[in-house]
Amino acid sequence: MPSCLFTISLVAALLLTGCQKDEVHAYRVPKEVPPPSSAVETASTASTGPAASAQGGLTWQAPDHWEELTANGVRRGSFKATNAAGDTADISLIAFPGDVGGLAANLNRWRTQVGLNPLPEAEVQTTIEHQDTPYFHLDFVNYLGESNGLPTRVAGAVTSHGGETWFFKIIGPATIVDAELGAFRAFLQTLAPSR
Amino acid sequence: MANSLNPLLKFFTSLRLTVVLLVTSLVLVFVATLAQVNLGIYGVQEMFFKSFLVWVEIPNLGFSLPVFPGGYLIGGFLMVNLVTSHAHRFRLTWKKAGIQLTHFGLIVLLVGELITGILQEDFSLRLEEGETRNYSESFRRNEIVLIDKTDPTFDDVVAIPEAHLDDSDPIQHGQLPFRVVTRAHYPNANLTMLNTLPAGTPGVAANLSDEGIGPRLALLPAPFTYNDEERNLPAAFVELVGTDGSLGTWLLSPMLTQPQTFEHDGRTWNISFRFEREYKPFSLSLIELKHDIYPGSTIPKNFSSLVRLQTADGSEDRESLIFMNEPLRHEGYTFYQYQMDSANGFSVLQVVRNPARSLPYVACALMSLGLLWQFTYHLTKFARRRS
């Protein structure tokens, strides 16, 4: 009989454990290190000057002052622009097979990267500027948000080529992205299918 | 004493109780299966199985009533019934050894399921290429965090689980120099920029915020979703009240990925509503993600994440390739390849910790052995009798 009572008590105790509401709790953590803007921004990366590149079906001509970084499987092209104040903007060229979840989802992801809230699909469409280059039609967007209390801008374009969706993006503090926007638009004009 | 306990013993050891409990559990499973259409798997588990009683809200009256025993109650009684019957009728003989072993296996199975239900943790870990994280995030639970960012090397975090936002009393904590008062809480809501919202849009909640980004936003409450493919994104208006009065009211939501900052008594604070985090004594870095496709097509062939695992004390530092059916296991955690977006260079791992992970295997082994013994014993006896 005592074993029976013990069992009942044990079961009751175990079941009641499941009813506890999580408590308010405190802890200390080391400061988070923000993810690198590119996984391949390493010390070994060398600037190659004016960068004319061809990767995975496209060619482009980057401005002289952009520092070219090593591309990898995900990034077909990667650059960095730096101003006198030391602010840097990250420029990436990424391609992915298929439609990658749709245009709105990807533009909303860019919005969240600068602290803006995602928008319903219909509203996202209103933010798109349609831009034609010699070879492509680009869906161009330009979002100004805030990151760590500083104005942050992401501008980018999306197009389809060779069964892949291509994303061209510049992101960083608004001061430098604003200054680089003209160069970025000119860069987009150089996109061409590789031969 | 013995006599007074006899009815209790009789009740818990009765076969009638077993039958009633099994029939009750059948009804519970049947009703829960029907309810899954509207509630989804998670909602059904919480309402029917991970509860003592099944509560149903009475329409228009604003309160709920228990209408049926829940999984914990039925399972608990089943286990007590099984254990007491087992103990009461236990006879150590070779003839009954197989039956005893099989029942013991069943008890292990029940206990394992109970421990799993209470202690299993299921989180996600999202990593960008090159990123290192030592925490994972809950798939469903959220928390409000107030982080003292003043020190340059570490952050002091006070985490308030979302369930506390419905408490009527202000939330206080020894490490907070202010009280946290929930002015409004929406279990699911959409946010949009106020200046993009057409005038007269219906369903916009009153904006109570006067600090941070909140006054520039419009909050549209949304129905709580039970769809397993969707996630509820809650929102709350939270006021901080110090000794000298209110510091302001913030609009918080996991949709606002950037924390909102304020100063108080010379210290810098961040406030945000985020997916609940669980920190670990080790970190994972995503070295490389791969999305392989079949040549000449866009059909996915394989997703894999090459990660580096480092313990805080430096005792372990190794690389591991995680791909389909090849998870990484470390310190009781299992990391599965869950999602991937190679266009944006990130991978999502599912992180599961279940202290009772091995118990179903043990239970099945015990039951198999028990049944094997029982059948062999009787077969041998039968064969001897024939010869």
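1. Describing the environment of G70(B)
Residue and element names in this part refer to chain B.
So, point 1. With respect to the helices and strands, the residue G70 is situated in the loop between β2 (64-69) and α3 (71-89).
So, point 2. On the basis of neighbour counts, which here come to 21 C-beta atoms within 10 Å, the residue G70 falls in the buried class.
So, point 3. Residue contacts for G70: discarding those within four places in its chain leaves F48, F49, S51, F52, L53 and V54.

2. Notes on the sheet that holds strand β10 (residues 245-252) of chain B
Residues and elements named next belong to chain B.
So, point 1. Pairing in this open sheet of three strands is antiparallel, and the strands run β6-β9-β10 from one edge to the other. At either margin of the open sheet sits one strand with a lone partner, and together these are β6 (179-186) and β10. Pairwise comparison of adjacent strand axes, ignoring direction, gives a mean angle of 15 degrees for this sheet.
So, point 2. Two strands pair when backbone bridges link them, and strand β9 (residues 235-242) and β10 are joined in this way by seven bridges, in the antiparallel orientation.

3. Let's talk about the confidence of the model for chain B
So, point 1. Chain-level pLDDT for chain B is 88 on average; 97% of the residues reach the 70-or-more range.
So, point 2. ipTM for the predicted complex: 0.78, alongside a pTM of 0.63.

4. Description of the pairing of β2(B)
Residue and element names in this part refer to chain B.
So, point 1. Pairing between strand β1 (residues 53-57) and β2: five bridges, direction antiparallel. Counted as the bridge partner of V54 is F68 from β2.
So, point 2. Count of turn residues in the β1/β2 antiparallel hairpin: six residues, of which N60 carries a positive phi of about 70 degrees.

5. Some points on the environment of A174(A)
All names here are of chain A.
So, point 1. Relative to the helices and strands, A174 is located in helix α4 (residues 174-189).
So, point 2. Placed 20 residues apart in sequence, A174 and V154 show a C-alpha to C-alpha distance of 8.2 Å.
So, point 3. Once residues within four sequence positions are removed from consideration, A174 is found in contact with L144, P151, T152 and R153.

6. Some remarks on the nonpolar core
So, point 1. Judged by nonpolar contacts, the single largest core of 33 residues is most densely connected at A89(A), I91(A), W166(A) and I170(A).
So, point 2. When residues of this core are assigned to their parent elements, the largest contribution, six residues, is made by strand β6 (residues 88-97) of chain A.
So, point 3. Contacts of A89(A), omitting those with residues within four sequence positions, involve A81(A), I170(A), I171(A), G172(A), I176(A), V177(A) and E180(A).
So, point 4. Core analysis: the next-biggest nonpolar cluster, separate from the first, contains 28 residues, V180(B), Y186(B), A189(B) and W250(B) among them.

7. Things to note about unusual backbone geometry
Note: most residues except glycine have negative phi, and most peptide bonds are trans.
All names here are of chain B.
So, point 1. At D265, a position not held by glycine, the phi torsion is positive, near 55 degrees.
So, point 2. Residue position: D265 is located in the loop between β11 (260-264) and β12 (267-293).
So, point 3. Phi is positive for N325, close to 65 degrees, though the residue is something other than glycine.
So, point 4. Of note, N325 is situated in the loop between β14 (317-323) and β15 (328-330).

8. Structural notes on the environment of F273(B)
Residue and element names in this part refer to chain B.
So, point 1. Relative to the elements of secondary structure, F273 occurs in strand β12.
So, point 2. Judged by the 25 C-beta atoms lying within 10 Å of it, F273 is buried.
So, point 3. Considering only alpha carbons, one finds F273 and L233, 40 residues apart in sequence, at a separation of 9.7 Å.
So, point 4. Residues within four places of F273 in sequence aside, it is in contact with N142, I144, P234, A236, L252, S253 and P254.

9. Observations concerning the packing of helix α2 (residues 15-49) of chain B against α3(B)
All names here are of chain B.
So, point 1. Contact pair α2 / α3: the axes reach a minimum separation of 9 Å and the direction vectors enclose 150 degrees. Classified by the angle between their axes, α2 and α3 sit roughly antiparallel to one another. For the pair α2 and α3, the sense of crossing is left-handed. The residues of α3 that touch α2, namely those facing L17, T18, L21, T24, S25, L28, F48 and F49, are G71, I74, F77, L78 and N81.
So, point 2. In terms of residue class, the contact of α2 with α3 is built from eight nonpolar, five polar and no charged.

Rules used in this analysis
- Residues numbered from 1 in each chain as written.
- Chains lettered and ligands numbered in written order.
- Predicted model: local features only at pLDDT ≥ 70, side-chain atom pairs only at ≥ 80, totals over all residues.
- Helix = DSSP H or I, 4+ residues; strand = E, 2+ residues; numbered from the N terminus.
- Buried ≥ 20, exposed ≤ 12 C-beta atoms within 10 Å, placed from the backbone.
- Contact = placed C-beta atoms within 7 Å.
- Pairing = 2+ DSSP bridges.
- Axes fitted to C-alpha atoms, helices over the stretch in contact; angles between N-to-C directions.
- pLDDT = per-residue confidence, 0-100.
- Core = buried A, V, L, I, M, F, W, Y, C linked by C-beta atoms within 7 Å.
- Parallel < 35°, antiparallel > 145°, perpendicular 65-115°, else oblique.
- Left-handed = near helix turned anticlockwise from the far one by under 90°.
- Nonpolar A, V, L, I, M, F, W, Y, C, P; charged D, E, K, R; others polar.

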